[in-house]
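Notes for the structure review
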There are 2 protein chains.
Amino acid sequence: MTDTKLNHLAIIVDDMEAALRFWRDGLGLAQAGAPQSVSAEAVDIANLTVGDAHIELIQPTTEDSGVAKFLATRGPGLHHLCLEVPDLDAKLAELREHGYEVINDSPRERAGRRYAFIHPKSAGGVLLELYEAI
Amino acid sequence: MTDTKLNHLAIIVDDMEAALRFWRDGLGLAQAGAPQSVSAEAVDIANLTVGDAHIELIQPTTEDSGVAKFLATRGPGLHHLCLEVPDLDAKLAELREHGYEVINDSPRERAGRRYAFIHPKSAGGVLLELYEAI
């Protein structure tokens, strides 16, 4: 067993209403609250509950953010995976020690959580977010 | 609440040993059994447990399968999302009724499960597998 949990899977969308029609109305996933605008990251986010985890639908609201560039170059689809770890600092230190690249020099904080991203080149092409609830 | 659960998230890898070093040894996820060769799909698969779900690492073993072509064109990374539904046939019929495209005319069966894929153009760019335990 491990203390690491799957927290969310993020999907970049180009049409939030169409995405909600499919994931919420079509598949029947429960929506957790109304979509939220996160202006600091220039995105709108809607969360859908699947068991203990959630699917995060992300729509860029400007054209120059990282997710906007992802959408422009790769199209909508799977974007990143987020795992919850019990001790973020210890895990980041351990990964760095083994030569894996952490994108954020120090974890970011937002809405009761500290988080950092692991570079896709260290995680087999996957953009991986690690977070710890605070 | 919904009866739909997150079953697994599949990641295409080009080096299973390196992938296991990161996901299992680096992150500390528990490996569920030894990697398996699925000759019918020309892949090797290793599963890592995260809570009630798992991460499925998939490495193509030939150069002409769908996953081999994905790896060649997009590189390693997130490949598909699999949700468990209580009644697969009913869900597929409902999705077709709403105009969503199901890739498999009838569900496939393997190792105690029936499954079908929803086309990425119907699921906002995500290759989505739906399955039902049998």
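This text goes with the structure placed above it.
This text gives an overview of the structure that appears in the document.

Each value, and the rule that gives it
Residues numbered from 1 in each chain as written. Chains lettered and ligands numbered in written order. Predicted model: local features only at pLDDT ≥ 70, side-chain atom pairs only at ≥ 80, totals over all residues. Heavy atoms only, no water. Helix = DSSP H or I, 4+ residues; strand = E, 2+ residues; numbered from the N terminus. Rg over C-alpha atoms; globule rule 2.2 N^0.38 Å. Buried < 20%, exposed > 50% of the residue type's maximum accessible area, 1.4 Å probe, protein only. Contact = heavy atoms within 4.5 Å. Areas by Shrake-Rupley, 256 points an atom, 1.4 Å probe, with all protein chains shown as cover. Buried area = accessible area lost by both parts, 1.4 Å probe. Salt bridge = Lys/Arg side-chain N within 4 Å of Asp/Glu carboxyl O. Polar contact = N/O pair within 3.5 Å; in protein donor to acceptor, adjacent residues only side chain to side chain. Pairing = 2+ DSSP bridges. Core = buried A, V, L, I, M, F, W, Y, C linked by side-chain atoms within 4.5 Å. Least-squares fit on C-alpha atoms with pLDDT ≥ 70 in both. Arc of directions from axis to C-beta. Phe/Tyr/Trp six-rings, centres within 6.5 Å; stacked < 30°, edge-to-face > 60°. Lys NZ or Arg CZ within 6 Å of the ring centre and 35° of its normal.

**Quick notes on the overall build of chain A**
From N to C terminus, chain A includes 3 helices and 9 strands. Taken from the N to the C terminus, the helices and strands of chain A come in the order β-α-β-β-β-β-α-β-α-β-β-β. For 134 residues, the compact-globule estimate of 2.2 N^0.38 gives 14 Å, and chain A sits close to it at 15 Å. Taking the principal axes of its C-alpha atoms as reference, chain A extends roughly 45 × 35 × 25 Å. Counting only residues that meet the buried cut, chain A has 51% of its 134 residues in that class. Long-range pairs, those at least 24 residues apart, make up 51% of the contacts in chain A between residues at least 6 apart in sequence. Per element, the accessible surface of chain A, about 6300 Å² overall, is 46% carbon and sulfur.

**Examining the interface of chain A and chain B**
On the side of chain B, 41 residues touch chain A, which itself brings 41 residues to the contact. Here chain A and chain B share an interface that buries about 3100 Å² over both sides, 71% of which is from carbon and sulfur atoms. If you sort the residues of chain A by the area they bury against chain B, A:Phe22, A:Leu27 and A:Leu78 come out on top, with a joint share of 19%. Our count for the chain A to chain B interface comes out at 0 salt bridges. The tally of links between chain A and chain B comes to 6 residue pairs in polar contact (both at pLDDT 80 or more). Of all elements in the fold, only strand S1 (5-12), helix H1 (16-26), strand S4 (43-50), strand S5 (53-60), strand S6 (77-84), helix H3 (88-97) and strand S9 (127-133) of chain A reach the threshold of two or more residues within the side of chain A that touches chain B. Counting residues per element, the side of chain A that touches chain B draws most heavily on S6(A), which supplies 6 residues.

**Focus on the pairing of S9(A)**
Residues in a regular strand point their side chains to alternate faces of the sheet. Residues and elements named next belong to chain A. Among the 7 residues that make up S9, 6 are buried, leaving the element largely enclosed by the rest of the structure. Bridge count between S6 and S9: 5 bridges; the pairing is parallel. In the sheet register, His 80 faces S9, and the bridge partner there is Leu 127. Note: strand S8 (residues 113-118) against S9, 6 bridges, orientation antiparallel. Within S9, the position partnered with Ala 116 by the bridge is Leu 130.

**Let's talk about the nonpolar core**
In terms of nonpolar packing, the biggest core is built from 64 residues, with A:Trp23, A:Leu57, B:Trp23 and B:Leu57 touching the most fellow members. Not counting residues within four places of it along the chain, the set of residues in contact with B:Trp23 comprises A:Leu81, A:Leu83, A:Ala123, A:Val126, A:Leu128, B:Ile11, B:Gly28, B:Leu29, B:Leu48, B:Ile55 and B:Leu57.

**Considering the relation of the copies chain A and chain B**
Each of the two chain copies can be generated from the other by rotation about an axis followed by a shift along it. Each copy of the sequence occupies a distinct position, and chain A is placed on chain B by a rotation of 180 degrees and an axial shift of 0.0 Å, giving an RMSD of 0.0 Å. Classification of the inter-copy transformation places it as that of a two-fold axis. Of every C-alpha in chain A, the one belonging to A:Leu78 sits nearest the axis of rotation, 3.4 Å from it.

**Concerning helix H3 (residues 88-97) of chain B**
B:Leu88, B:Lys91, B:Leu92 and B:Leu95 are the residues of H3(B) that are buried. Down the axis, H3(B) shows its buried residues gathered within 100 degrees of arc, on one side only. On its buried side, H3(B) packs onto H1 of chain A together with strand S8 (113-118) and strand S9 (127-133) of chain B. For H3(B), the side-chain oxygen to backbone nitrogen distance between the N-cap and B:Asp89 is 3.4 Å, and the N-cap itself is B:Asp87. At the exit of H3(B) stands B:Gly99, carrying a positive phi of roughly 90 degrees.

**Observations concerning the packing of aromatic side chains**
A full pass over the atoms with the stated rule returns 6 aromatic pairs over all chains. Judged by centre distance (4.9 Å) and plane angle (75 degrees), the rings of A:Phe22 and B:Tyr100 are edge-to-face. Remark: B:Tyr100 occurs in the loop between H3 and strand S7 (108-110) and A:Phe22 occurs in helix H1; the pair is interchain, linking two chains. Given a relative accessible area of 18%, B:Tyr100 falls into the buried group. Aromatic pair B:Phe22 and B:Trp23: ring centres 5.1 Å apart, planes at 85 degrees, arrangement edge-to-face. On the basis of relative accessibility, which here comes to 2%, the residue B:Phe22 falls in the buried class. Through a chain of ring-to-ring contacts, three or more aromatic side chains come together here, namely A:Phe22, A:Trp23 and B:Tyr100. Just above the ring of A:Tyr131 sits the side chain of A:Arg113; from NZ or CZ to the centre is 3.9 Å.

The values are spatial; any link to function lies outside them.
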